[in-house]
Amino acid sequence: MRLKIHLTIAVACLVGILFGYYLKGAKEQTTVRLTLLNQITLLERQQKQLDSEILHSAFFLYHDYDRIHATLRQIKHTLTSAMELHAGISGNHSQVCDLLTGYRQMVELNEERIIRLLTLNSMLKNSAMYIPQLTRQAGLDAPTLDPHYHVLLTDLNSTLHLSRNSLDPDLLRGLSLSLEALATHPPPPGTEHLHPLLLAHGRVFAETLPDYSRLLAAILQPAAGNLLWQLQEALKTENSHWLIRLNRLTYIFFGAFLAAMLLVVALLLKTERENLALNRLSAALSAAATTDNLTQLANRFAFDHDQESRRRPLLFLVNIDDFKHINDLYGVQTGDYVLVDLAARLEKLSAPGNWSRCYRLGGDDFGLLLEEPADFTPDNLAQTIVAAVEGELFVHREQPIRLSISMGISRQRPLLETADMALKETKRLKRTKFTIYRSELNIQARIAANLQMLQKARRALAEDDILVYYQPIFDNLSGEIARYECLVRMRDEDGAILTPGHFLDLIKESYLYPQFTKQVVAKSFSDFADCRYSFSINLALTDILDSEVRDYLLAMIDANPATAARLTFEILENEGMKNVEEVRSFIARVKQAGCQIAVDDFGSGYSNFAHLLTLQVDTLKIDASLIRNLDHDTQARVMVHTIVDFCRRLGIKTVAEFVHCAAVHQVVKELGIDYSQGFHLAEPAPRPLHLSRA
C-alpha cells in the first residue's frame, strides 16, 4: 500500500512538473505569438508609411529620400524579427511561413524598384526644374521673342507639369508633340545655346516619365497590404487553434493531477484504516512474539527487552541434561509435557519481594531473571530450583520421568552469554548443579582461543598438517590385530601433535569440518590401499547428510573397491537419528560395496537399541564410560553383559573401548566381548603396526 501511495504521489508530482513545464512553454509561446502579431501589425504600419513617403517623393519637388530608405530598413528589420519569432513557434505553420516568405520576396523586389524609382524621380525633378528656368532665361536673352516660339515654350512647360503631376499617358503624347514642334522651330536670336538644352531636358522627361509611372504603380500596388492582411488573418487563425489545444491540454493535465490527488487521498484513507487494523494486529503479534507457544512463558525477545530495563539483573539459566534422549525414549509429546510442567514449576519460584520473570529461551533452556535484592545469596534459590525439578518425578501417561538439570548463574552483562558460559562450566565439571559466573571463566579469552584454533586449522589444511594416527583393535580370542581405527590429529605450527580433544568439537561447528573428514578418508585409503588389514573411519551423521562429503565418500569407494571392501564406518550413536531415509540409503549403498557399519560410543547417555536395527550394524563399540570401571563396578558389568548378550543374539560383533589396564581386559574377555581397544594394548601411532604388504 505504501508503494502504491508513493507511486501515485510520484505520478501526481510528475504530472504537476509536466504541467508546470507545459505552462511555462505555453507562456513563452503566447509571448512569441503576440509579439509576432505585433510585428505584423508594425509591418502594416511601416508599409503604409513607405507608400506615403513614395507618394510624397512623387508629388513634391523637394522630398527627403533618406526617409524612404530609413522606412525600408525598418521594414526589413521588422520582417527579419518576425521570421525569427515564427521559427520559434512550435507546430506546423506552413501558411504563415509561405506568406512571410512571399512578403519578404515582395519587399526585396520593391527595394530594387524603389531605388530605380528614386533615380528616375531625381531625373524628372531635375528636368522639371531646368526647363522652366531655361524658358525664363530664353525670354531674358532674346531681345524680341518670336510669339510662336513663346507659345511652344509655354505649351512645353504646361504639358510637362501636367503630365508629371497626373502621369496621364495622353499628356505624355502631347509632351512628345510639343517637343517635336519645338525641335522643328528655329531658335530666336540669342537663344541658340538654350534651345538644345530645352530639347534635351524635354526628351529626358518624356522618355523617363513612362518608366517612372509604371514603377510607381508597381510599388504602390495593394499586393503588399493584402499579403500583410492575409498574414494577420492566418496568424490569428493559428493562434486560435493553438489556444484551443492549449485549453484542452490544460484540462487534461489538471484532470490527471486532480485524479492523482484524489487517488492519493483515497489510498491514504485506506492506509489509515489498514494502519488501525495493523496496529491491532501488531499488538496481538507483539504479545505472541514475546510469548512461547508451548509453555506460555515469556520468550527470548521478552528477555532481551526485560534485561535492559533491570538495574541489578540476575539470571538463572536452567538446562535439562540430555533432554533429546527423553524425546527419543518417550516421544515428542512426552518431551513437550515435561517442558510445560517444568515451566510451571519454575514460574512459581522467585526472590521474595522483588521483580522476577521466567522465560523459555529456546529448546530445553529456561531462564529466571530477577532484580537482585540486597544481601541476596543466589545459592539458596539455585538449590530451591534443583529441589523443585529433581526432587519430584514428572509423570506423563503413568510413565515416571526423573529430570536432571544444570544451571549457569550470572549478574554480569551480557547476561545470557555469561550465564551460558557458567552453564558450560557446570556441565564440564559435573561436580555441582550450578556455577556462578566469575571473571576467571573469561569468556572473551575462550572466544579468542577458539578463533586462534580455527586459524590453526585453516593453516593445517592449507599446509597438509592434518594427520591420521592408527590404533589397532585386537581379537580377544586370537590376540591378533583385527583392524585399525583411523584417528585424526593436527600438527601445530611448532610441530606439536594435537589430539581431537583440542580441536575437533570446535571444528565440527565450523565450515572446515567437511575438509577434515575428506582428508582423513583420503589418507586412510592411501595407507591401507595395499595391505591385508581392515580399517575403520569415524563418521558423523552430519557427514552422511552433507552432500559434498557423502558424494566424496561414494566416489572414493567406487574408485577403490578392493580397499573399500576392508572398510568399516564407525557412526557416533549419541548424535541421534535425523533424516533416517538418507542415512539408510547411504548405508545400503556402502554395504553393497562391501563396507561394514559400526556404532561408536554405545552406552553413553540414553542408548537406543532401535538404532542398531535402523543402521544395519555389523559391529557395536561399547562406550568407555561402561568399560573403564568393569573391574570393580557391578552395575557397569551387568549393563555390558546385557549389551553383549543382545548383540550376540543379533549376530553383531562387540568392541570394548578404553581398555586401560590388564584387569579390565580380563573382564572384557570374560564377558565374551569380541574385540578390545585401548592404551593397555596399543596407543595410536602415525603408521599401522605390523603393516605387511599383500
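Residues numbered from 1 in each chain as written. Predicted model: local features only at pLDDT ≥ 70, side-chain atom pairs only at ≥ 80, totals over all residues. Heavy atoms only, no water.

Peer 1: How should the packing of helix 9 (residues 323-330) against helix 10 (residues 332-347) be read in this particular structure?
Peer 2: Think of two packed helices as two axes; the pair is described by the angle between the axes and how far apart they sit. At their nearest, the axes of helix 9 and helix 10 sit 7 Å apart, and the two run at 135° to each other. Here helix 10 runs oblique to helix 9, going by the angle between their axes. Contacts between helix 9 and helix 10 pair Phe323, Ile326, Asn327 and Tyr330 from the former with Val332, Thr334, Gly335, Val338 and Leu339 from the latter. Class assignment for the residues of the contact of helix 9 with helix 10 results in six nonpolar, three polar and no charged. (Axes fitted to C-alpha atoms, helices over the stretch in contact; angles between N-to-C directions. Helix = DSSP H or I, 4+ residues; strand = E, 2+ residues; numbered from the N terminus. Parallel < 35°, antiparallel > 145°, perpendicular 65-115°, else oblique. Contact = heavy atoms within 4.5 Å. Nonpolar A, V, L, I, M, F, W, Y, C, P; charged D, E, K, R; others polar.)

Peer 1: Would you mind going over the pairing of strand 11 (residues 534-539) with me for this structure?
Peer 2: Along any regular strand the residues' side chains alternate between the sheet's two faces. As paired elements, strand 9 (residues 481-491) and strand 11 share four bridges and run parallel to each other. Each residue of the ladder has a partner; that of Tyr484, found in strand 11, is Phe535. Bridge count for strand 11 against strand 12 (residues 567-572) is five bridges, and the pairing is parallel. Looking across to strand 12, one finds that Phe535 is bridged to Leu567. (Pairing = 2+ DSSP bridges.)

Peer 1: Looking at this structure, how should I read the pairing of strand 6 (residues 405-410)?
Peer 2: Of all six residues that make up strand 6, six are buried, and the element is covered over most of its length. Alternating positions in strand 6 separate into two faces, Ile405, Met407 and Ile409 on one and Ser406, Gly408 and Ser410 on the other, with burial throughout. Taken together, the six bridges between strand 1 (residues 313-320) and strand 6 define a ladder with antiparallel strand orientation. If you follow Leu315 over to strand 6, its bridge partner there is Ser410. Traced from strand 6 through helix 12 (residues 415-429) to strand 7 (residues 434-436), the parallel crossover comes out left-handed. (Buried < 20%, exposed > 50% of the residue type's maximum accessible area, 1.4 Å probe, protein only. Right-handed = clockwise from strand over helix to strand, strands pointing away.)

Peer 1: Can you walk me through unusual backbone geometry in this structure?
Peer 2: Generally, phi is negative for residues other than glycine and the peptide bonds are trans, each holding for most cases. Between Arg413 and the following residue, Pro414, the backbone shows a cis peptide bond with an omega angle of -5°. In this structure, Pro414 sits in the loop between strand 6 and helix 12. Of note, the phi angle at Asp464 is positive, near 60°, even though the residue is not glycine. Secondary-structure assignment places Asp464 in the loop between helix 13 (443-462) and strand 8 (466-475).

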